[in-house]
Amino acid sequence: QVQVVESGGGLVQAGGSLRLSCAASGRPGGRYSMGWFRQAPGKEREFVAHITWNSASTYYADSVRGRFTISRETGKNTVYLQMNSLKPEDAAVYYCAAQVYNGAYYGSSTSYDYWGQGTQVTVSS
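Residues numbered from 1 in each chain as written. Predicted model: local features only at pLDDT ≥ 70, side-chain atom pairs only at ≥ 80, totals over all residues. Heavy atoms only, no water.

Student: Can you help me understand the packing of aromatic side chains in this one?
Tutor: Here a ring pair, both rings aromatic, is described through the centre-centre distance and the interplanar angle of the planes. With the rule as written, the count across this model stands at seven aromatic pairs. Taken together, the ring pairs connect Phe37, Phe47, Tyr59, Tyr105, Tyr106, Tyr112 and Trp115 into an aromatic cluster. Between the NZ or CZ atom of Arg45 and the centre of the ring of Tyr95, over which it lies, the distance is 3.8 Å. Looking at Arg45, its charged tip hangs above the ring of Trp115, at a distance of 4.9 Å from the centre. (Phe/Tyr/Trp six-rings, centres within 6.5 Å; stacked < 30°, edge-to-face > 60°. Lys NZ or Arg CZ within 6 Å of the ring centre and 35° of its normal.)

Student: Could you clarify how one ought to interpret the state of the cysteines in this entry?
Tutor: In protein structure, a disulfide is the covalent linkage between the sulfur atoms of two cysteines. As enumerated under the stated definition, the model contains one disulfide in all. A sulfur-sulfur distance of 2.0 Å marks the disulfide that ties Cys22 to Cys96. A torsion of -80° about the S-S bond marks the disulfide between Cys22 and Cys96 as left-handed. You can see Cys22 sitting in strand β3 (residues 18-25) and its partner Cys96 sitting in strand β9 (residues 92-99), a full 74 residues away along the chain. Both residues of the pair, Cys22 and Cys96, belong to the buried class. (Disulfide = S-S within 2.5 Å. Helix = DSSP H or I, 4+ residues; strand = E, 2+ residues; numbered from the N terminus. Buried < 20%, exposed > 50% of the residue type's maximum accessible area, 1.4 Å probe, protein only.)

Encoded structure:
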């Protein structure tokens, strides 16, 4: 079993920054592509960003491209989401997920196998 744990959420003013962290553990030698999703109240969970297992590629939702950056520690299943220029519409519970099959489509939540519990991001206007 793989455990995924996020941290780093909180309250920030519009225009501010936050960095979320996520670590996936539990399978020795496992290397996962990792993604971030978010879900605001009354809305569906949506894709935010993805990084491949070897950091070769990153993908972003149009709504966050240029403001958010996903990265990972070399050789580890630890990823970060640096969020800059935050807007009130970025407020949501942010979820980190691990993808066992590294060739699966990054933008669908169904392509991910393990999920964290989520961390709340609140942006005040």
